[in-house]
Amino acid sequence: AKKQCKKSYHFYTSDMNIEMLEKLEIENSLRHAVERNEFLIYYQPKININNENISGVEALIRWKHPNKGFIPPNVFIPIAEETGLIIPIGEWVLKTACRQIRVWQELGYTPVYISVNVSVIQIKQPNFVDMVKGIIKETGIKPYLLELEITENAIMEDFELTNKILDDLRKLGIVISLDDFGKGYSSLNYLKQLEINVLKIDKSFVDDITENNTQQAIVKAVIEMAHSMDMSVVAEGVETWEQFKYLKDLQCDKVQGYLFSRPLPLIEMEDMMRKKKKV
Ligand code: C2E
Ligand code: CA
Ligand code: CA
Ligand code: CA
């Protein structure tokens with residue numbers, strides 16, 4: 001449809017320009033989105049594979065654009081990263097998540113731990129560690145209830161520096177997890193040097209774990225290696241009981257995915273937590 005349109009009257013506008021225009025538009029409205037309160041956080045539970053209880057939740061940002069509706073993070077996060085807007089946006093997510101931890105801590109909800117995705121651009125800000133420290137202090141949360149998820153690729157981009165920052169973050173007592181493991185190109189040698197707490201196996205491995213022997217062998221090896229390094233393992237994007245069963249047999253620790261729940265708005269997440277709450 002786009003091509004036809006270009007031929008008939010937009011012959012002077014390349015698809016490239018349309019794309020750039022859209023990007024610019026998003027960038028412009030992104031600039032004001034924090035102050036205009038257009039962001040929300042959805043929560044997706046992480047399920048303990050042995051007892052099927054909720055063991056924590058991941059915070060996933062949502063942007064409700066005033067006239068475009070919901071714009072998915074896969075669209076606006078890369079733009080936010082390119083423009084540096086990820087810094088105020090990321091700070092908003094962290095603060096909001098930590099305030100929520102505090103509320104749940106007080107209400108006695110289980111679980112209370114929240115994991116927050118952080119971009120490599122954020123963590124490379126010279127004041128990032130102090131900022132996190134400040135938020136923990138200000139909200140009065142127990143640091144181990146906050147987990148930061150950082151992608152494998154982000155770490156490998158600049159291993160020495162990010163490893164040092166992750167070290168400083170861990171010294172604050174927070175939990176660090178390696179997101180999207182297996183999607184990128186990290187070498188196991190590097191992994192051995194990283195002192196992280198949690199490894200999240202990328203959805204692409206989970207997708208064909210029930211069909212593909214090679215994938216099974218890889219996942220098995222990854223889980224064993226992670227355990228030998230004292231890490232716990234979360235599988236992402238689990239959609240079927242069959243996948244769940246395979247992961248359980250391989251002694252994966254937690255699963256996350258549509259099988260148990262999609263990411264939910266705060267009220268629905270709290271509802272689910274209340275129902276699953278153990279006395
Ligand atoms: P991610 O951190 O790998 O998050 C997992 C994504 O997979 C989420 O997409 C989640 O909704 C989706 N998902 C969970 N379970 C299933 C499943 O069973 N099947 C399928 N098909 N998908 C599943 P979402 O929320 O659209 O987020 C996409 C990405 O955007 C995230 O990937 C993360 O990289 C980024 N992101 C989200 N929130 C933030 C944030 O606050 N800060 C930063 N820097 N990045 C964020
Ligand atoms: Ca994540
Ligand atoms: Ca992930
Ligand atoms: Ca991902």
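For the structure itself, look to the data block above.
Notes on the structure follow. (Residues numbered from 1 in each chain as written. Chains lettered and ligands numbered in written order. Predicted model: local features only at pLDDT ≥ 70, side-chain atom pairs only at ≥ 80, totals over all residues. Heavy atoms only, no water.)

What follows concerns the nonpolar core. In terms of nonpolar packing, the biggest core is built from 84 residues, with Val-116, Leu-146, Leu-148, Leu-169 and Leu-247 touching the most fellow members. Ranked by residues supplied to this core, first place goes to helix 4 (residues 86-107) with 8 residues. Excluding residues that lie within four positions of it along the chain, Val-116 makes contacts with Ala-59, Val-93, Leu-94, Ala-97, Leu-146, Glu-147, Leu-148 and Glu-149. (Core = buried A, V, L, I, M, F, W, Y, C linked by side-chain atoms within 4.5 Å. Buried < 20%, exposed > 50% of the residue type's maximum accessible area, 1.4 Å probe, protein only. Helix = DSSP H or I, 4+ residues; strand = E, 2+ residues; numbered from the N terminus. Contact = heavy atoms within 4.5 Å.)

Time to look at the coordination of the calcium ion (ligand 2). At 2.2 to 2.4 Å from the calcium ion (ligand 2) lie its protein donor atoms, namely Glu-58 (OE), Asn-117 (OD1), Glu-149 (OE) and Asp-179 (OD). The sequence pattern describing where the donors of the calcium ion (ligand 2) fall on their chain is E-x58-N-x31-E-x29-D. Separating the calcium ion (ligand 2) from the calcium ion (ligand 3) is a gap of 4.0 Å, bridged by Asp-179, which donates to each. Taken as a pair, Glu-58 in strand 2 (residues 54-65) and Asn-117 in strand 4 (residues 114-117) lie far apart in primary sequence, 59 residues in all. (Donors = N, O, S within 2.8 Å, 3.2 Å for Na, K, Ca; no water.)

Turning next to the pairing of strand 2. Of all 12 residues that make up strand 2, 11 are buried, and the element is covered over most of its length. The turn linking strand 1 (residues 39-48) back onto strand 2 is made up of 5 residues, and Glu-52 within it adopts a positive phi angle of 60 degrees. As paired elements, strand 2 and strand 4 share 3 bridges and run parallel to each other. Counted as the bridge partner of Val-57 is Ile-114 from strand 4. Turn length for the strand 2-strand 3 (residues 69-71) hairpin, with the two strands adjacent in sequence and antiparallel, is 3 residues. (Pairing = 2+ DSSP bridges.)

This paragraph deals with the packing of aromatic side chains. One pass over the structure, following the stated rule, counts 9 aromatic pairs. Aromatic side chains Tyr-42 and Phe-70 sit 6.4 Å apart centroid to centroid with 70 degrees between the ring planes, which places their arrangement in the edge-to-face category. Of this pair, Tyr-42 sits in strand 1 while Phe-70 sits in strand 3; the two residues are 28 residues apart in sequence, bridging distant segments of the chain. On the accessibility criterion, Tyr-42 (18% relative accessible area) is buried. (Phe/Tyr/Trp six-rings, centres within 6.5 Å; stacked < 30°, edge-to-face > 60°.)

Throughout the structure, instances matching the rule amount to 20 salt bridges. Ionic pairing is found between Glu-149 and Lys-46, a salt bridge with its closest N-O pair at 2.9 Å. With Glu-149 in strand 5 (residues 146-151) and Lys-46 in strand 1, the pair connects residues that are 103 residues apart, well separated along the chain. Residue classification places Glu-149 among the buried residues on the basis of a relative accessible area of 1%. On the accessibility criterion, Lys-46 (0% relative accessible area) is buried. (Salt bridge = Lys/Arg side-chain N within 4 Å of Asp/Glu carboxyl O.)

Moving on, we get to the site of ligand 1. In the vicinity of ligand 1 there are 22 residues, among which Gln-44, Arg-62, Asp-179, Glu-239 and Tyr-258 approach most closely. Within the side chain of Gln-44, a nitrogen or oxygen atom sits 3.1 Å from a nitrogen atom of ligand 1. For ligand 1, an oxygen atom lies 2.8 Å from a polar atom in the side chain of Arg-62. For ligand 1, whose accessible area on its own is 800 Å², the fraction buried by protein is 81%. Counting only elements with at least two residues in the shell around ligand 1, the list comes to strand 2, helix 3 (73-83), helix 4 and strand 6 (175-181). (Near = heavy atom within 4 Å. Polar contact = N/O pair within 3.5 Å; in protein donor to acceptor, adjacent residues only side chain to side chain. Areas by Shrake-Rupley, 256 points an atom, 1.4 Å probe, with all protein chains shown as cover.)

A separate point is the coordination of the calcium ion (ligand 3). Reference geometry at the metal: tetrahedral coordination by four donors gives ideal angles of 109.5 degrees; octahedral coordination by six donors gives 90 or 180 degrees. Taken together, Asp-179 (OD), Asp-180 (OD), Glu-236 (OE) and Glu-236 (OE) make up the full set of protein donors to the calcium ion (ligand 3), lying 2.1 to 2.5 Å away. Sequence spacing of the donor residues for the calcium ion (ligand 3), all on one chain, is D-D-x55-E. By relative accessible area, Asp-180 is classed as buried at 18%. Exposure remark for Glu-236: the relative accessible area of 12% places this residue in the buried category.

What follows is about helix 8 (residues 159-171). The terminal C-alpha atoms of helix 8 lie 18 Å apart, and with 13 residues this matches the ideal 18 Å at 1.5 Å per residue to within 8%. Those residues of helix 8 lying buried are Phe-159, Thr-162, Asn-163, Ile-165, Leu-166, Leu-169 and Arg-170. For helix 8, the buried positions fall inside an angular range of 165 degrees around the axis, keeping them on one side. Along helix 8, the residues that are exposed and aim more than 90 degrees away from the buried face are Glu-160 and Lys-171. Buried positions along helix 8 lie against helix 5 (120-123), helix 6 (128-139), strand 5, helix 7 (152-157), strand 6 and helix 9 (188-193). Residue Gly-173 follows helix 8 closely and has a positive phi angle near 95 degrees. (Expected span 1.5 Å × (residues − 1). Arc of directions from axis to C-beta.)

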